[in-house]
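Breakdown of the fold
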Amino acid sequence: MASADPSRSFMKDVKRVIVKVGTAVVSRHDGRLALGRVGALCEQMKELNSLGYEVIMVTSGAVGVGRQRLRYRKLVNSSFADLQKPQMELDGKACAAVGQSGLMALYDMLFTQLDVSSSQLLVTDSDFENLKFRERLSETVESLLDLKVIPIFNENDAISTRKAPYEDSSGIFWDNDSLAGLLAMELKADLLILLSDVDGLYSGPPSEPSSKIIHTYIKEKHHHEITFGDKSRVGRGGMTAKVKAAVLASNSGTPVVITSGFENQSIIKVLQGARIGTLFHKNATLWEPLKDVSVREMAVAARDCSRRLQNLSSEERKKILLDVADALEENEDLIRSENEADVAAAQYAGYEKPLVARLTIKPGKISSLAKSIRTLANMEDPINQILKKTEVADDLVLEKTSCPLGVLLIVFESRPDALVQIASLAIRSGNGLLLKGGKEAIRSNTILHKVITEAISCNVGEKLIGLVTTRDEIADLLKLDDVIDLVIPRGSNKLVSQIKASTKIPVLGHADGICHVYIDKSADMDMAKRIVMDAKIDYPAACNAMETLLVHKDLMKTPGLDDILVALKTEGVNIYGGPIAHKALGFPKVSSFHHEYSSMACTVEFVDDVQSAIDHIHRYGSAHTDCIVTTDDKVAETFLRQVDSAAVFHNASTRFSDGARFGLGAEVLLILYGILVTIYPSFLIAELIWSILNRLA
């Protein structure tokens, strides 16, 4: 199966589909019917019919079939002298009259062999001027579909009111492409597929090497950039007619895909959400930027906008954030709709549940994000603050002042809410921003980026925040050490290592979140239960969720520990055991302690004492967040002092490791070599970033 495209996740909801088959698809180059190709198309229709789809066909080819037959008949009935005379072009209407019966006879034979019933519906342009006709047509089609019959439409060219059907484009519809578009609206189709002899819509004639296929058509972006080649070799309008029909239907609410009728299983692949052909959709402008720009242009534009942002007063930057918060709440329904499409596509593609959980924007999340942004807006201004004054000589004073870094490139995981947090931080701290989120969140990230940038005042410019949509662009951005000031990758160790090896730009990397809770022998077990349940159950996919529960050996098989383990199981947590816990409690043996589940699962192991717990954390942890539950202050002090992690807690859940819970507003947590870098405004200033980098050096 071809790779699924997140922008086509709506295919799972398609029930009624119209398939338009062009003349170039049903006929060979010599004008004869392409029996094998037509047969393969009918087999796909049979499969869709059996799967419960309501299939409607619009077919061309009658004129071509009739012309072939009449030419042969004329040749047979002509004398040698007649053949020496100039040959007159055959009348198109006569060709249509002769070819229609032959074309339908072929369809009827093929569908009969497949045990499918089909019906013929010939219409003309003038028919649709009659409201009664349109009502009766809809009723007839509904009846046929209820009976699992495939209606096959064709324009009745034999009695068309047009004098020259190949040139006259007046009327309600003017060819079978526009007829298909009209029927999509009249019959309320969920999808229209226009089959052609090329793979889709190209930026230029498909035969030219420089032409590239357009997978998603955006009128504002592509309308003036496309160069059409010659019209169809046998049909009426070629790609130009298909694009007109596709734009008309998609603007009216029916998505359209133009794809090849020559490719094997092309119709099935389209309905599976594969990225083939060209998609026309009324919401396409929400998914992709309207204008292609180079990554350097994007980075330079972000830098220029950031300099204008820095010149604003604190109140003016605060106003932008408040506008962003309002815009998010006003567009919540649209944001949720796009996110649901991403989630559906991820589930369809078989992504693991933890990733889908991180991808999902749950009810109330937009309001929570807006609240965090307003909190951030009301915080003390992080820039232009005098941090230190030193009088180095008489009347010579050296000041250390906070200032923005410049342009940040942040590569983050599948969480769309991270985009909102990072963008709001950049605005408050006066920085330009380039963002690259996971491909599985493309629609969510695109709509969030659009909502946020449109809320930025024009005297700063919406290019303050750039959205990178392809992985290829990252490699080019990493070369821009003269424009980008800091790279922050959030993802796997492999990703962080690759980025560090590919750039001269300073990198702050964040990877695993293998967090521990250690229950000491002196712990209050009721408190321990509340902490463990919050650390594991509250948000299992978060990087600060508990992954390993370490327990003092004296608590083995005690009622308090049994109560905690039963509570975890009751909530659906899969428990794995280390060597000791596996042997003592019978849990499945864990393959590795250095494992981040990011799901409803955790590891349990017993240790001799607090020092053993510390040694275990240093050996298998990721220096993210670790917690001890104890009533012994000396044991707690040992743990807090010796555990080399970014956040170390006493009698508090690991989930507390969060900028919002720290009272810092929106946040992004970065764990780097055991240093907690909470990216909130006062950390997005050159002096403090320099201090961190200096420590790492």
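Look up a bit, the structure's there.
So, here's what we can say about the structure. (Residues numbered from 1 in each chain as written. Predicted model: local features only at pLDDT ≥ 70, side-chain atom pairs only at ≥ 80, totals over all residues. Heavy atoms only, no water.)

1. Some remarks on the overall build of the protein
Looking only at helices and strands, the protein has 25 helices and 22 strands in total. Long-range pairs, those at least 24 residues apart, make up 73% of the contacts in the protein with a sequence separation of at least 6. In the structure as shown, the protein presents an accessible area of about 31000 Å², 50% of it carried by carbon and sulfur atoms. (Helix = DSSP H or I, 4+ residues; strand = E, 2+ residues; numbered from the N terminus. Contact = heavy atoms within 4.5 Å. Areas by Shrake-Rupley, 256 points an atom, 1.4 Å probe, with all protein chains shown as cover.)

2. Re the sheet that holds strand S2 (residues 54-59)
Reading across from one edge, S3-S4-S2-S1-S5-S7-S8-S6 is the order of the eight strands in this open sheet, with mixed pairing throughout. The sheet is open, and its two edges are formed by strand S3 (118-123) and strand S6 (216-217), each paired on a single side. As paired elements, strand S5 (residues 191-196) and strand S7 (residues 256-260) share five bridges and run parallel to each other. By the bridge assignment, Ile 193 is partnered in S7 with Val 257. (Pairing = 2+ DSSP bridges.)

3. A look at the packing of aromatic side chains
For the structure shown, the criterion picks out seven aromatic pairs. Ring geometry for Tyr 107 versus Phe 111: centroids 6.4 Å apart, planes at 20 degrees, classification stacked. One end of the pair is Tyr 107 and the other is Phe 111, both in helix H5 (residues 92-113) and four residues apart, which spans about a single turn. We note that Tyr 107, like Phe 111, is buried. A ring pair is formed by Tyr 518 and Phe 639, whose centres lie 6.4 Å apart and whose planes are at 20 degrees; its orientation type is stacked. One end of the pair, Tyr 518, is in strand S15 (residues 515-519); the other, Phe 639, is in helix H24 (residues 633-642), and 121 residues separate them in sequence. On the basis of relative accessible area, Tyr 518 is assigned to the buried category, the value being 0%. In this structure, Arg 37 is placed above the aromatic ring of Phe 262, and the distance from its NZ or CZ to the ring centre is 3.9 Å. (Phe/Tyr/Trp six-rings, centres within 6.5 Å; stacked < 30°, edge-to-face > 60°. Buried < 20%, exposed > 50% of the residue type's maximum accessible area, 1.4 Å probe, protein only. Lys NZ or Arg CZ within 6 Å of the ring centre and 35° of its normal.)

4. Regarding the pairing of strand S14 (residues 486-489)
Neither face of S14 is exposed, since Leu 486 and Ile 488 on one face and Val 487 and Pro 489 on the opposite face are all buried. Where strand S11 (residues 407-411) meets S14, four bridges bridge the pair, whose relative direction is parallel. Paired with Val 411 across the bridge in S14 is Pro 489.

5. Re the packing of helix H23 (residues 610-620) against H24
At a minimum axis distance of 10 Å, the contact between H23 and H24 shows a crossing angle of 20 degrees. With respect to H24, the axis of H23 lies roughly parallel. Once H23 is placed against H24, the crossing between them reads as right-handed. Facing H23, whose interface residues are Val 610, Gln 611, Ile 614, Ile 617 and His 618, H24 presents Val 635, Thr 638, Phe 639 and Gln 642. (Axes fitted to C-alpha atoms, helices over the stretch in contact; angles between N-to-C directions. Parallel < 35°, antiparallel > 145°, perpendicular 65-115°, else oblique. Left-handed = near helix turned anticlockwise from the far one by under 90°.)

6. Quick look at a nonpolar patch on the surface
Taken together, the side chains of Val 392, Leu 396 and Leu 398 present a nonpolar region at the surface, about 290 Å² in accessible area. As for its placement among the helices and strands, Leu 398 is situated in strand S10 (residues 396-401). Residue Leu 398 is classed as exposed on the basis of its relative accessible area of 53%. (Patch = residues over 30% accessible without salt bridge, like charges linked within 9 Å, V, L, I, M, F, W, Y side chains within 5 Å. Salt bridge = Lys/Arg side-chain N within 4 Å of Asp/Glu carboxyl O.)

What is shown is where atoms sit, not what they do.
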